[in-house]
Structures are given as C-alpha cells and as structure tokens.
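Inside the fold
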Amino acid sequence: MSTTVVLLLIAIGLLLLGAAWLMPSLALATLPFGVRVPDERADAPVVGEQLRAYRWWIALAGGAVLAAGTAWGLAGGDTAALPVTLVALLAVQLAGYLRAHRAIAAVKQREGWFDGLHEGVAADTSLRTDPARFPWLWSLPAVLLTLGTAVAGALRYPSMPARLAMHFTGPGRADRLAAKSVGSAFAPVIAQVVLTLVMLLVGWAVFRARPDLDPARVKVTAEQHRRFLARMARSLMVLTFGADLSITVAAWWIWDGARTLSPLALLLPTALGLAVVLVVAISSGQQGSRIPARQAAGVADVTGAEARSGRPAVVHRDDDRYWRLGGLCYVNRADSAAFVPRRFGIGWTINLGSPYGILFLALTIALAVGLPLLTG
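Calculation rules
- Residues numbered from 1 in each chain as written.
- Predicted model: local features only at pLDDT ≥ 70, side-chain atom pairs only at ≥ 80, totals over all residues.
- Heavy atoms only, no water.
- Helix = DSSP H or I, 4+ residues; strand = E, 2+ residues; numbered from the N terminus.
- Buried < 20%, exposed > 50% of the residue type's maximum accessible area, 1.4 Å probe, protein only.
- Salt bridge = Lys/Arg side-chain N within 4 Å of Asp/Glu carboxyl O.
- Axes fitted to C-alpha atoms, helices over the stretch in contact; angles between N-to-C directions.
- Parallel < 35°, antiparallel > 145°, perpendicular 65-115°, else oblique.
- Left-handed = near helix turned anticlockwise from the far one by under 90°.
- Contact = heavy atoms within 4.5 Å.
- Nonpolar A, V, L, I, M, F, W, Y, C, P; charged D, E, K, R; others polar.

Another aspect to go through is the environment of Asp39. Within the secondary structure, Asp39 sits in the loop between α1 (3–26) and α2 (45–76). You can call Asp39 partly exposed: its relative accessible area is 41%. Linking Asp39 and Met237, residues 198 residues apart in sequence, is a C-alpha distance of 35 Å.

All right, on to the pattern of salt bridges then. What the rule picks out here adds up to 9 salt bridges. Among the salt bridges present, the one from Arg36 reaches Asp319, with a minimum N-O distance of 3.3 Å. Of this pair, Arg36 sits in the loop between α1 and α2 while Asp319 sits in the loop between β4 (315–316) and β5 (323–324), and the two are 283 residues apart along the sequence. Comparing Arg36 with Asp319, the two get one shared label, buried. Residue Asp256 pairs with Arg156 through a salt bridge whose shortest N-O separation is 3.3 Å. Of the two residues, Asp256 is situated in the loop between α8 (218–255) and α9 (263–284) and Arg156 in helix α5 (residues 140–156); the sequence distance between them amounts to 100 residues. Residue classification places Asp256 among the exposed positions, given a relative accessible area of 57%. Assessed through its relative accessible area of 16%, Arg156 is described here as buried. What you see here is one network of salt bridges that share partners, running through Arg36, Lys108, Asp212, Asp318, Asp319, Asp320 and Arg343.

The contact between α5 and helix α7 (residues 187–206) brings their axes to 9 Å, and the two run at 165 degrees. As judged from the angle between their axes, α5 and α7 are roughly antiparallel. Like other packed secondary-structure pairs, α5 and α7 cross with a definite hand, here left-handed. Along the contact surface, α5 presents Ala142, Val143, Leu145, Thr146, Thr149 and Ala150, while α7 presents Val189, Gln192, Val193 and Thr196. Taken together, the residues of the contact of α5 with α7 break down into 6 nonpolar, 4 polar and no charged.

In structure tokens, the structure reads:
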C-alpha cells in the first residue's frame, strides 16, 4: 500500500473516531443513545456512566483498530487494509452505541421513568401552510459544473485515446480498461448527473420530513427545525459540488489517457465538502437543538400549570417501540412520513413502515446497483 493511501487511511480513521466521540453531544438531551427519556431524567447517573464508557471504548478500541490497520497497510501493502479498517471502525462505534443504548433502556424500564407523566405529541401547522423553502440557488454550482464537464467531454471526445480507464484500485492504478465509446467516455458525466439528482431529491424530501417537536417548546423547536433544514440543505449542496468536482478531476485524467490517479487529489474536494457538512452539523446539533431561537424559550410555550409545578404539563411521548435495532431503524405504519429525524447522529432516516419510505429505499438501491452496470 502506498504512503499516500496509508495517510488517507489515518486521516479518514481519525475523522470517523472524532465524529463518533462527538456524536452523543450532538443528540438531544432527551434522546441519550437513542432512548427517549423525560427532561427530568436527562442527567440520570446511568446516562453519564454510559457516555463515559462509550467514549473510553471509542478511544481505546477504535484507536487499537486504527493502529492495527495502519500497521497492516505499511507492512503487508495489502490494498484491503483501507476498506477493512474503516468498516472495523464503524463496527466499533456501533458496538459501543448499542451497549450504551441497552443499558439506559434497561434502567428506564426498571425505574418507570415515564410513569405518571402526561405524554403527548405536538405539531406546528405553519410548517405545512408556510413550509420552509428549499434553497435551489445553492444547487447551481453543482449543476453548472456537471454541464461544464459534459461540454468539456464533448470537445475532447475526438482526441481521447482508444482505450479508457474505467476502474481504479485503492492506490489509484487502473485495473480495467474499455474501448472508447459514448458510454465509457461519458461515464463520469452520468455519475455526476445521478449523484446531483439524488442529492437534490434527498434535500427536497427531507424538507417534507416530519419534525420531532417538543410539546413543551413547540414554537422554539419549530423555529429551530426550519433553520436546521436550511443549514443542512445548503451544506449538502456544498458536498454535492465537492463530490462532482472530484468526478470532474477523475474524468479529466481518464480522458487524457492516464492509468494512475492521485487518491489524495481525487478525494480532497469531497473531503472538504464533508468537512463543511460536519461543521454545520456540530454547530447546529440534532434537529437544530444548538441553534439559538429568536423567540425566547418558554415565552409562549409554557402554561400556567407548568410554571406552578416546575415541570412540563406534557412531555414527549415514549415512542421507543417504533425504533428497532437499538433505535437505529424507524418502523411505524401509522406514520405517513417517509423521513423522520435520526435519534443518534445528524440528519434523517427512512420510515420503513411507510410505502413512500420503502419506495425511496428501493430506488436508492436500484441506482447504486444500476449505475455501475450503466457506466461499465
């Protein structure tokens, strides 16, 4: 394995470990490790204990996996070291998360944290009557870059070599060639078109995702939801542009007859786009919980009963039964929403109980499988 790929492995590995370590801090206080808890239990001892245990696990087990993968890549030169190590790091994070989730859920169940509380759900009808607008202008750079790449390909087509590289190994060496044709030459453009359309579709769809509003702070959380949507949509369009730029760089080399690519130069635009998404996500928090609301919290959302009792009259309902696999998968046939906010991490997940959610998942899988066949 080349030194460049090893450095890439270390950089991505550290990014994954850092994101995993930060993830619990981005979640809502009432959703520690994907477990719904009332406000008064957000600081329960078990939550703090599991947070510390999770972070020690990420640091020690994740660090050991990254060190072993790096040593494997340096000593054996096996190109499989990169993907295997990254998958192992994700497995480490998943194991730590599931352990914490089970521990908190067990204490919650045993101590009856929701016993005697008035559970409810909240909605802000203005999110339907006056929905947030998708920032379409932010998609223009990616669209224009794709069009520019297509024009450049058409101009260069007559001078392209007779055989073009269609696939590269981890170190960036071509391992599959194809005769020049419209399909092989414009495979990068097709990839850009599909990627841009999918990202636009995802962005448009999440703008219609059901918000998870706090019944005790409806107006504040609705405002945070709107601003969170706008922030994430803009950052996703930046990521789309970065990914399209990586494809343009690869296309330029391929059309020039190159048989080797620089993985670092190729992935740098995409990495910068991911960095933008990560910064926006960290600063915003899940569902925009870190975004300061223009309306002071509690001004119009707190009732007289709440003020007298010192606790919310209504708490978010305990909806853990709809979240499977440790709170990672949402399955609720009674919920028409195709997308709902994730419980751990940033963004949204598919409602596997919704026919629209299942259709979107099927289309995504079809694109992932069909694109290599179309361009190959």
